[in-house]
Amino acid sequence: MSDNPFLTQSLTNTVLSRRRFLKWSAALGGTAALVASGLKLGLQPATTASAAAPTAGQEKWVLAACWHNCGGRCVNYALMKDGVFVRQKTDDTHPDSTDYPQQRACARGHAQRYQVFGADRIKYPMKRKNWAPGGGDKSLRGRDEWVRISWDEALNIVSSELKRIKDKYGNRSVFVSGGSEIQRALSLFGGYTGHWGTTSLGTWTTTGPAIGMPSSGGMNDRYELRKSELFVAWGSNPIWSSGGSYTWNTLQAKLGGTRFIFIDPYYNDSIRILGDEWIPIRPTTDHAMMLGMAYVLITEDDPKTNKLIDWEFLNNCTVGFDRQHMPTGADPNENFRDYVLGLDETGKPAAAGHKNYPAKTPQWASDICGVPPNRIRSLALEIATTRDVTIASANAPARVRRSDSWPQMFMTFGAMTGHIGRSGSMTSGGYYHSRYGNGGPALVQPGSSGVTSIANPVKDSINDNEMWDAILNGKYTAGYKDVREINLQAIYHGGGAVLQTRDGMSKGLAAHRKVEFVVSHAQILTTNARYSDVVLPVTTAWERDGSVLTGNREILIWASQVTKPLFEAKDDSWIAVEVGKRLGLDAKQIDPVSNLQQVYSQIAGATIKKIDTPNSQGGYEPLVTITPQDVTSMAEAGVAIKAQSGKVGLQEFMERGVYQVPRKAGDNYEYVAFKEFRDDPVKNKLATATGKFEIHSQALADKLKAFGWEEYRPIPTYNPSDEGYEATFKDFKAKVKGDYPLQLHNTHYLRRAHSVFDNVPHLRRAFPNEFLMNPIDAEARGIKFGDTVLITSKHGKVLRPVVLTDRILPGTVDLFHGAWVEMDEATGIDKAGADNIISGAVPTGQGTSGWNSCIVEVKKWDGKPLDPDYTWPQRIPVKEA
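Residues numbered from 1 in each chain as written. Predicted model: local features only at pLDDT ≥ 70, side-chain atom pairs only at ≥ 80, totals over all residues. Heavy atoms only, no water.

Undergrad: Describe the sheet that holds strand E8 (residues 230–234), listing the residues and the values that go with them.
TA: Strands in a sheet are paired, the pairing made by backbone hydrogen bonds, and the direction either parallel or antiparallel. One open sheet accounts for five strands, arranged E10-E9-E8-E12-E13; its pairing is parallel. A strand with exactly one partner marks an edge of an open sheet, and here the two such strands are strand E10 (277–279) and strand E13 (426–428). Along the sheet, successive strands turn relative to each other by an average axial angle of 10°, direction set aside. Together, E8, strand E9 (259–263), E10 and strand E12 (389–393) form the strand contacts of helix H17 (residues 373–385), whose direction differs from that of E9 by roughly 140°. Running at roughly 175° to E12, helix H18 (residues 406–417) makes contact with E8, E12 and E13 of the sheet. (Pairing = 2+ DSSP bridges. Helix = DSSP H or I, 4+ residues; strand = E, 2+ residues; numbered from the N terminus. Axes fitted to C-alpha atoms, helices over the stretch in contact; angles between N-to-C directions. Contact = heavy atoms within 4.5 Å.)

In structure tokens:
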């Protein structure tokens, strides 16, 4: 046993001890004892594979999926002995090196075992004690007792409620938050209402493609990154938010002499490791700062020498910078240069009240963003006069309400300085996740699973910012001047964590207590599940027939089954089929391709980029060699594949579990984003209305208008957020603060991948989910280090222990994203610090989820101080006697 008390408790209370394992293995008819056969699966007849028990004392490392949404998808192996999980390890498939790094797991990846074998796994189907057809006592959702039921009863409840609600209210009344498997079934049942939102990408979602710079589309290869003299990182913390080898790739540039400047409200760990300079900035004001930088270049440039502005790039590759470069038919007064300089239609300084007023000087920008005017000027000059520069924005500045023009502003500054499409330089938005520090087309990629989509007959789909309001008030915005009525009476959570991870959770909880039926598929009692009527236990990726994952452009992971399904957990596809049968649907249409066939189809169809073919020309060939013997063996297992020649044998790939493309500097895999376009913008047009980068984009303005909430100018104007810095004042000009004087910054956290892993006790102990506050703001409120504080916005209230630190900008506070809500029903206060309780759902522009546009007040809590949340009871809904 471990000397870790939390691990010991988990081992004692779950299936990991051999004594308990054998006990419930017998109870399950012996099927649980077959857990170690994952790597052999499919390479022998199915009957043999199903019957083969591990040899006594045998140990085997099985490549296990690291399946959560951090961006990493790193290499994780599980050691199995006598059919029992022993421990994990990460990538050791080859010696680690700068050019050929191992794909190492982080603390979250090493915690995967607690998602599978944790004491809080949901073991059986459950229903609320006070549930009845039509909802019963709906006010008890989230706090009712749970009752264990059989699968037959659970499936009958779900199908009968879906039938009843459809018959009474129609298909539009069924709201589905996620889960492709149940969505297929319900599409065949007549359809359902879905939802949509900007989530991770923020306003890069719509703005990026419209202007010619899709999110993640401007990134260079990791070898190109090393050629940059200067790296300006905007709103970026890859060490915490981008799992995998991305920080390692960036570190190589640092070690090679690249100077790193980070612009962020929080002196995060990435800045500590990589940064040469930290420029603190107020949340929601990034656009204003960059406008001030653009003003410097426009007013100090000498067009004859191209000293600061790359006029050749602007002339050839963009539209809309000034009156001389407008798209055909566009209003010449809607040009970027005049807006920055604050000029009217006659070319004179605009008067107050004019749409271009005032001039966007460094002083104007500084008053908003908090960065000193001289540093705004010097940074603009430093970027413009350095030959090889990377300008990279993560998504945090775009997860702001009314920030729809920010990606356009970011692209515009990159175009002005010419740091696009040239070796050693790049301008990239959406610089995060699996592409951080390593852009370009995939070098190895999976084939198709063979599953085709089924169209949803219901066309209603509600923006994330309106879905809870739509349930509570019966209306949603479908487009420009198009507000529709809707009566949602069922919520089906087939996957994801929508209630926990979207804005406006306070309204979300109320919405869940209003409808007539709520059902969730869940492995653990997540927030979705907690506020449901029926919970259906589902398998983890470790219990399924394997999976195929990609983490970065250079790797493909083939994860195997580690353990047979635990307790009574079932796959989502099995649940969808069984619900569908009870709804009178065809099981073959719901689940046309077995999970095992899907995995092997992706492996058989996997391709690798040819080393002798330039990136711009594609050129892929099969990755896996499949022999006639493999074909025969798989046919006996019910899997159809064809013989082919490739780079690695099927058996070898399965045993290893990962294929990583070897790299070296100067290889033919290096990639410079937009190089072909820059070299020949006529021949290689961008996918925009004009074929160029659009500093003036009528297409963008039209798209934003079509969403139905607001209208924007076609140039990148600064639009203050409704809960941005300016909103902290009741009188901005007089600088008189209002009721919510502090800006809330929202950071991804090492403890969680979004909200996943927040249930794991040892991660809770390692990363205690504190609230960050500057000592200046704390002193003014009589708050001391370690106090429990009440954080209040117009949308909700939460409690957290406070950490005082100079690493957070005065006037800004930081609450880490993803804590699982623990609502005190008597006070309406969440004690877990769930960020979406205090972040409101307010649709603007393209329906942006605006987590970094939230204003709050903070006070010392006068009640009982919070105990550390690693001491809180786990969510174990039905305990064994």
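Undergrad: Pulling in residues and values, what's your account of the pairing of E12?
TA: Where burial is concerned, most of E12 is hidden: five out of the five residues are buried. Neither face of E12 is left uncovered, since the one carrying Val389, Ile391 and Ser393 and the one carrying Thr390 and Ala392 both have all their residues buried. Summarising the sheet, E8 and E12 pair through five bridges and their orientation is parallel. Bridge pairing links Phe231 to Thr390 in E12. Pairing of E12 with E13 involves three bridges; the strand directions are parallel. Each bridged residue has a counterpart across the sheet, and for Ala392 the counterpart in E13 is Ser428. Each parallel crossover has a hand, and the one from E12 via H18 to E13 is right-handed. (Buried < 20%, exposed > 50% of the residue type's maximum accessible area, 1.4 Å probe, protein only. Right-handed = clockwise from strand over helix to strand, strands pointing away.)

Undergrad: An account of the nonpolar core is requested, with residue identities and associated values reported.
TA: In terms of nonpolar packing, the biggest core is built from 67 residues, with Trp234 and Met289 touching the most fellow members. Considering every element that reaches this core, the biggest residue donor is helix H13 (residues 286–300), with 10 residues. Once residues within four sequence positions are removed from consideration, Met289 is found in contact with Trp234, Ile263, Ile279, Ile281, Ala365, Cys369, Val371, Ile376 and Leu379. Among the nonpolar cores identified, the runner-up in size contains 38 residues, and Val518, Ile791, Val813 and Cys854 belong to it. (Core = buried A, V, L, I, M, F, W, Y, C linked by side-chain atoms within 4.5 Å.)

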